[in-house]
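Working through the structure, step by step
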Amino acid sequence: MHDAQNKHSSEKPTRREMSRRQFLSYTLGGTTAFMAAGVTIPMIRFAVDPILQPSGEGSFVKVVEESKITNEPKSFKFQVHQVDGWYESDTELEAWIMKDDKGAIYALSPVCKHLGCTVNWNADARYQNQFFCPCHEAHYTKEGKNLAVAPAPLDEYLIKIENGFVYLGKVQPNQHVTK
Ligand code: FES
């Protein structure tokens, strides 16, 4: 009986100490896991997202009748429906669409490769038959080749022609520029 009492009284502080230690380790462990998840999850999502994006046929948007496309570049605006997690939005995009020397239709992005302003066709008298960016005077050939200021050619949309209509897909590096 005496021994049992001694044992009982000697266990109490140990139990209290253990529970305090457990509390601290749970709290610190939980906080560390929460903070690590906050950093890691966006990184994983960023890495995996492109893989999860729909590709190919599903991502094309009908833009204009094929018969409206000439050798002279024309600007066309179109809507793209985007889903990002719970957030859905319609974004308006622009493309310069034209035919090349062989009659093939292609579409360039209007986003200047210098710092992202918007280029226009034949917008400056000094640069006839070229795309011109008003921000820092970058200019490009009809194929999108960078002639000054910008470090790279204008990007190009993936394109397909179906039932007399031009469909545009993702933006990709320029395929029309001859080096
Ligand atoms: S953003 Fe176009 S020239 Fe600088």
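Treat the numbers as computed from the prediction; the structure is a model and nothing was measured.

1. Some details on the overall build of the chain
Of regular secondary structure, the chain possesses 1 helix and 10 strands. Within the chain, contacts between residues separated by at least 24 positions form 43% of all contacts whose residues are at least 6 apart in sequence.

2. A word on the pairing of strand β2 (residues 74–84)
For β2, the tally of buried residues reaches only 0 of 11 residues, placing the bulk of the element at the surface. Of the strand pairs in this sheet, β2 and strand β3 (residues 87–99) are connected by 11 bridges, and their pairing is antiparallel. What sits directly across from His81, in β3, is Asp90.

3. Focus: the sheet that holds strand β5 (residues 120–121)
In spatial order, the strands read β5-β6-β7-β8; together these 4 strands make up an open sheet with antiparallel pairing. Strands at the two margins of the open sheet, each flanked by one partner only, are β5 and β8 (146–148). Note that β5 and strand β6 (residues 131–132) share 2 bridges and pair antiparallel. Looking across to β6, one finds that Trp121 is bridged to Phe131.

4. Digging into the nonpolar core
Here is a general trend for soluble globular proteins: nonpolar side chains tend to be buried in one another's company. Within the largest apolar cluster, 21 residues are counted, with the highest numbers of intra-cluster contacts made by Ala95, Ile97, Ala107 and Leu168. Residue assignment for this core shows that the elements contributing at least two residues are β3, β4 (105–108) and β10 (165–172). When residues in this core are grouped by element, the largest group, 4 residues, is from β3. Contacts of Leu168, omitting those with residues within four sequence positions, involve Phe60, Val61, Val63, Phe78, Ala95, Ala107, Tyr157, Leu158 and Ile159.

5. Brief notes about the environment of Lys145
Structurally, Lys145 can be placed in the loop between β7 (139–140) and β8. Put simply, Lys145 and Asn174 are 29 residues apart on the chain and 8.4 Å apart in space, counted from C-alpha to C-alpha. Each residue touching Lys145, except ones within four places of it in the same chain, is listed here: Tyr140, Pro153 and Val177.

6. Here we look at the confidence of the model for the chain
Summing up the model confidence of the chain, the mean pLDDT is 83 and the portion of residues at 70 or higher is 74%. Contacts of residues 50–57 to residues separated by more than four positions or lying in other chains number 1 contact, the stretch itself having pLDDT below 50.

7. Things to note about unusual backbone geometry
Positioned with a positive phi, Asn122 is a non-glycine residue whose angle comes to about 55°. For Asn122, the position within the fold is in the loop between β5 and β6. For Asn122, a count of 13 C-beta atoms within 10 Å gives the class partly exposed. For Glu137, which is not glycine, the phi torsion reads 65° and is therefore positive. The residue Glu137 is located in the loop between β6 and β7 in this model.

8. Brief notes about the environment of Pro151
By the element assignment, Pro151 lies in the loop between β8 and β9 (156–162). A count of 8 C-beta atoms within 10 Å places Pro151 in the exposed class. For the pair Pro151 and Leu115, spaced 36 residues apart in sequence, the C-alpha separation works out to 9.8 Å. Sequence-distant contacts of Pro151, that is, excluding residues within four places in its chain, are made with Lys113 and Asn146.

Rules of the game
- Residues numbered from 1 in each chain as written.
- Predicted model: local features only at pLDDT ≥ 70, side-chain atom pairs only at ≥ 80, totals over all residues.
- Helix = DSSP H or I, 4+ residues; strand = E, 2+ residues; numbered from the N terminus.
- Contact = placed C-beta atoms within 7 Å.
- Buried ≥ 20, exposed ≤ 12 C-beta atoms within 10 Å, placed from the backbone.
- Pairing = 2+ DSSP bridges.
- Core = buried A, V, L, I, M, F, W, Y, C linked by C-beta atoms within 7 Å.
- pLDDT = per-residue confidence, 0-100.

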